[in-house]
Amino acid sequence: MEINVHSLHFNADSKLLDFINVKVGKLETFYDGIVAADVTLKLEKSDKTENKVAEIKVSIPGNDAFASNRAKTFEEAVDLTVDALKGQLKKAKEKQKGL
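Residues numbered from 1 in each chain as written. Predicted model: local features only at pLDDT ≥ 70, side-chain atom pairs only at ≥ 80, totals over all residues. Heavy atoms only, no water.

**A short note on the pairing of strand β4 (residues 63-71)**
We apply this condition: The pairing criterion is simple: DSSP has to find at least two bridges between the two strands. Secondary structure elements are taken from DSSP: a helix is a run of H or I of four residues or more, a strand is a run of E of two residues or more, and numbering for both begins at the N terminus.
Inspection of the sheet shows strand β3 (residues 52-60) paired to β4 by 9 bridges, in the antiparallel sense. From the neighbouring strand, Glu55 faces β4, where its bridge partner is Ser68.

This is the structure in structure tokens:
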């Protein structure tokens with residue numbers, strides 16, 4: 001699986017990129033046929049402390065799975081987003097097996 005990380009309006013450090021690669025890479029255990037994953041990290045201008053947004057689009061045959069979450073840190077946002085995608089990928093796999 002190819003993982004593309006885009007950070008808007010800032011440069012992500014290597015520690016964050018490694019974390020994202022590990023977390024998103026684990027999605028392959030839930031769905032074998034993942035082609036690519038596009039991760040977008042954004043800093044929102046907000047008065048709230050939860051201004052870090054992670055959006056992940058996973059390309060799978062026949063469909064795409066997408067999730068987005070906001071948190072205090074990018075690591076937490078990526079964690080929440082990956083958890084949301086796990087459910088989507090499990091459903092997609094069950095649907096594929098049912099066909």
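Now, onward.
**Structural notes on the environment of Lys52**
Quick reminder of the rule: The criterion used for residue contact is that any of the two residues' heavy atoms lie within 4.5 Å. What qualifies as a polar contact is a pair of N or O atoms within 3.5 Å, subject to a donor-acceptor requirement within protein and to the restriction that residues adjacent in sequence count only when both atoms come from side chains.
Note that Lys52 resides in strand β3. When the C-alpha atoms of Lys52 and Glu76 are compared, they prove to be 9.1 Å apart, with 24 residues separating the residues in sequence. Discounting residues that sit within four places of it in the chain, Lys52 has contacts with Lys42, Leu43, Asn69, Arg70, Ala71, Lys72, Thr73, Phe74 and Ala77. For Lys52, the side chain forms a polar contact with the main-chain oxygen of Lys72, separated by 3.5 Å.

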